[in-house]
Structure formats: structure tokens, C-alpha cells
Amino acid sequence: FEKIYRDEDVDMQILNGKVVAVIGYGSQGRAQSMNMRESGVQVIVGAGDRKRHSSWDKATADGFEVYTIEEAVKKADIVHILLQDPAQPPVYYESIHQHLRAGQTLSFAHGFAVLYGTIRPPEDIDVVLFVPNGPGPVTRQKYKDGSGIWGCVSVDQDVSGNALETALAIAKAVGSTRVGAVAMTFQHETEGDNYEEQVLYGGTIHLMRTMYNIMVKNGYPRSFAYAKAIRSIRSIIDDIDEVGIETYLTSRASRTCEFAVRHSGPRVINEEEMEKIFKETEAGIFARNWLQEFSLGMPTLNRMRRTWTESDMEQTGKIWREKFGK
Ligand code: NDP
């Protein structure tokens, strides 16, 4: 089994006297900045123009020193880029690249821009990533609860010879190594993430929508179909996470459920398509499609957002949440 880094494996000394500039103060930016600060790291925030970007005021309200992105890069030893992915290349070439200097570390929370070459860092700096496996608010809450969120670290350029140690120290400061962080390549982090988004997130959400639609089409009450298609998954995930699939099936689920899972479950999955999506992701086709969609102003996403928001299932969900809360 590969090495899983825990708190005791990581020396935070490497961040002593160093300044981490967090660029972007959104979901990850806020959570990671606050966690690192509480772990004793010197954190400053780099934000876009105050008139157009709310990050500046948000980070100031949270007690951080906030600078323009250019200034923050100049003041930093570690430049931790937590901008949304498609926005990274223009911001990087406008405000970051020309201010980087030898000896600094450029750090990411996703390998997309480096893997696909939309950002090409200078050769005399370390390039690393640290990714918590969950959204910012969860990363923050877990840290406050004394726990953390599982994560991964990676090194793309190691000029100093200490790049992995720096990435691990960031992971520890954010709280990840309290539970565990694994080292992997930028390629696997990026493609694995994009594969997960397509098949796990995409598959699960489409499974819920399709199941709801079929039940309603066949005369079931909307509330019942909604509960079946969405609510049940909570307990399944929590149970499996706690005891594993086999114990869940043999001792927590009913025998009928166990038979249904083993007998009919595989028919729902199109393994051939899943393999195809994997190959397309590996070939960079998913990345190309997404970059093209973003550069065109997201016409497909905007169209889908509109029709999905108006869909019968979403309307039912709205009523459900009003009536029954969370
Ligand atoms: P968000 O969309 O939450 O935040 C993006 C930030 O980028 C905002 O603070 C926004 O500032 C800033 N920004 C966007 N465009 C510009 C611009 N032109 N100039 C200056 N600032 C800009 O992103 P996330 O936190 O979700 O993602 C950050 C990174 O973390 C990504 O690489 C992502 O892949 C990675 N990640 C995200 C996870 C998640 O679940 N969210 C999980 C693991 C990794 P403002 O609001 O002021 O405009």
C-alpha cells in the first residue's frame, strides 16, 4: 500500500519565517487561509480589483492583510493559487508570472492548468499542489472540529530539493494530514478528479434524475419519488463509509436489498461508456471541451442550468425543502 502521510511524518519547520500568499478567496481560499493561519502560518491574501471582486472585502473582514495579486506575489515565499480553474491562466499571465522569482514555490489545489499547459511556470521555482478532497466549507469545519479532510500532494518541479516537504507542510497546516494525504502525480490528480466529476458526480446525479422521472411518469407521488431518488443515498453512503460495502450488504441492508443490489445493480452501469470517458479524460478531450465551453461563455451550461432549474424534479425539491427542511 502506498505511503499515507500523517501529522507525525510532516515537519512544519519548512514554513518557518515564510509568507504564504493565497491568491483567490473563494471556497478553498477562505478555508485554507483560515486553517493555515490557525496552524501558525503567516498568510496574506492576494485579490483582484476591489470594485469587481468581493474577495478583498471578505478577506479583510476575516482579519487578513490583503494586497493586489502582484503585491502579494512579490511579498510571498509560497504563492498558493486558489482561483477558479478557467480563470487561472489570464490572471497568472497578467499578475503573477512576471513577478515570480527564483526560490519561490508556486502551489495549486488542482493540477489542471499545469498539466494542460495553460500555465507554464518559470523553471527556477518549485511547483507543487495540495488538494483537500472536499469543498472549502467542509475543510474548514473539519479543521475546527479537530479533524481534517483527506487530501493529496504532488510535485511537478523540485528545484529546491524540498518541494514535497513544502507541499506536505501546507497539507498539515490545512489539517489534511490529521487524517491522511497521499503523494501522486499532477496527471493523476487532475485526470482522477475530472474522471470522478464525470462518472461519480455526473453518474449519481443523472441516476437520481432518471429514477425520479421514471417513477413520476409511472404514477408515483412526486414526494415519494423524490425521497426515494435523493434521500436514501445519505444513509447508504454513511453506512458504507463506516463499515464497508460487504458488511453493509450482509448486516445492515435487508436480504431483499442485498439480492437487488447484486442482481440488478450491474445492469444500471454502462462499463463500456465509463471506460470510454476514462480514455477521453486521459487523452485530454474532456479538458479541451471544458476549456472551449468556458472560452465561449458557457452556452451549454447556461442552457442546461435553465432547463434543469425549471424541471419537475427541482420544483418538487423546492417544495420538499420548504416543508421538511434539511
Ligand atoms: P471559487 O470559485 O470558490 O473561488 C474562486 C476565487 O477566484 C474567488 O475568490 C474569486 O474572487 C477569484 N477570481 C476569479 N476570477 C478572478 C479574477 N479574474 N481575478 C481575481 N480573482 C478572481 O473556487 P474554488 O475555491 O472552488 O477553487 C479554487 C481551486 O481549488 C481550484 O483550483 C479548484 O479546482 C480547487 N479545488 C476546489 C474544490 C472545491 O470543492 N471547491 C476541492 C478541491 C480543489 P471574487 O469572488 O472576488 O471574484
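Residues numbered from 1 in each chain as written. Predicted model: local features only at pLDDT ≥ 70, side-chain atom pairs only at ≥ 80, totals over all residues. Heavy atoms only, no water.

## A look at the overall build of the protein chain
A tally of helices and strands in the protein chain yields 15 helices and nine strands. Relative to the globule expectation of 20 Å for 326 residues, the C-alpha radius of gyration of the protein chain, 22 Å, shows essentially globular dimensions. For the protein chain, with 326 residues in total, the buried portion stands at 40%. In the protein chain, the share of contacts with a sequence separation of at least 24, taken over all contacts with a separation of at least 6, comes to 67%. As displayed, the protein chain has an accessible area near 18300 Å², and 54% of this comes from carbon and sulfur atoms. (Helix = DSSP H or I, 4+ residues; strand = E, 2+ residues; numbered from the N terminus. Rg over C-alpha atoms; globule rule 2.2 N^0.38 Å. Buried < 20%, exposed > 50% of the residue type's maximum accessible area, 1.4 Å probe, protein only. Contact = heavy atoms within 4.5 Å. Areas by Shrake-Rupley, 256 points an atom, 1.4 Å probe, with all protein chains shown as cover.)

## Looking at the environment of I236
Position of I236 relative to the elements: it lies in helix 9 (residues 222–243). When the C-alpha positions of I236 and L106 are compared, they lie 40 Å apart, and in sequence the two are 130 residues distant.

## Focus: the site of the ligand
With respect to spatial proximity, 22 residues lie near the ligand, and among them S27, Q28, H53, S55 and D85 are the closest. One of the side-chain N or O atoms of D85 is found 2.6 Å from an oxygen atom in the ligand. Between Q88 and the ligand, the recorded distance is 3.3 Å, taken from a side-chain N or O atom to an oxygen atom. Sorting the residues of the shell around the ligand by element identifies helix 1 (27–38), helix 4 (88–96) and strand 7 (126–132) as the ones contributing at least two each. The class makeup of the residues in the shell around the ligand is nine nonpolar, 12 polar and one charged. (Near = heavy atom within 4 Å. Polar contact = N/O pair within 3.5 Å; in protein donor to acceptor, adjacent residues only side chain to side chain. Nonpolar A, V, L, I, M, F, W, Y, C, P; charged D, E, K, R; others polar.)

## Digging into the nonpolar core
Judged by nonpolar contacts, the single largest core of 32 residues is most densely connected at M36, V41 and F64. If one sorts the elements of this core by residue count, helix 7 (residues 163–174) sits on top with eight residues. Excluding its chain neighbours within four sequence positions, the residues that come into contact with M36 are V20, V22, V41, V43, H80, I170, A173 and V174. Membership of the second largest hydrophobic core comes to 27 residues, among which are I23, A72, A76 and V114. (Core = buried A, V, L, I, M, F, W, Y, C linked by side-chain atoms within 4.5 Å.)

## Some thoughts on the pattern of salt bridges
Applying the stated criterion to the full structure yields 12 salt bridges. Among the ionic pairs, D49 bridges to R52, the shortest N-O distance being 3.7 Å. The exposure class assigned to D49 is partly exposed, which follows from its relative accessible area of 37%. Using a relative accessible area of 65% as the deciding quantity, one classes R52 as exposed. Among the salt bridges present, the one from D57 reaches R50, with a minimum N-O distance of 2.8 Å. Given a relative accessible area of 38%, D57 falls into the partly exposed group. The exposure class of R50 is partly exposed, given its relative accessible area of 47%. Among the ionic contacts, a cluster of salt bridges with common partners joins E246, R255, E258 and R262. (Salt bridge = Lys/Arg side-chain N within 4 Å of Asp/Glu carboxyl O.)

## Considering the domain arrangement of the protein chain
Entries for the protein chain in the domain assignment read domain 1 (4–184) and domain 2 (189–324). The gap between the C-alpha centroids of domain 1 and domain 2 is 31 Å. Contacts between domain 1 and domain 2 engage 13 residues on the former and 11 residues on the latter. In this structure, the connection of domain 1 to domain 2 is made through zero salt bridges. Here domain 1 is connected to domain 2 by four residue pairs in polar contact (both at pLDDT 80 or more). Considered class by class, the residues forming the side of domain 1 that touches domain 2 number 10 nonpolar, three polar and no charged. (Domains from an automatic or database assignment.)

## Some points on the side chain of Q88
Position of Q88 among the secondary structure elements: in helix 4. Discounting chain neighbours no more than four positions away, the residues touching Q88 are I81, L83, F108, A113 and I119.

## Describing the sheet that holds strand 1 (residues 4–5)
With respect to topology, nine strands assemble into an open sheet ordered 1-9-8-7-6-5-2-3-4, the strand pairing being mixed. Of all the strands in the sheet, just strand 1 and strand 4 (66–68) have a single pairing partner and so form its edges. Examined bridge by bridge, strand 2 (residues 19–23) and strand 3 (residues 42–47) share five bridges and lie parallel to one another. From the neighbouring strand, V22 faces strand 3, where its bridge partner is V45. (Pairing = 2+ DSSP bridges.)

## Quick notes on the packing of aromatic side chains
For the structure shown, the criterion picks out nine aromatic pairs. Geometrically, the ring pair formed by Y195 and F278 is edge-to-face, given 5.0 Å between the ring centres and 90 degrees between the ring planes. Of this pair, Y195 sits in helix 8 (residues 186–217) while F278 sits in helix 12 (residues 271–282), placing them 83 residues apart in sequence. On the basis of relative accessibility, which here comes to 34%, the residue F278 falls in the partly exposed class. (Phe/Tyr/Trp six-rings, centres within 6.5 Å; stacked < 30°, edge-to-face > 60°.)

## Brief notes about the environment of T105
Inspection of the secondary structure assignment puts T105 in strand 6 (residues 105–108). Along the sequence, T105 and D85 sit 20 residues apart, while their C-alpha atoms lie 19 Å from each other. If near-sequence neighbours (up to four positions away) are discounted, T105 is found in contact with D77, I78, V79, D126, V128 and T166.

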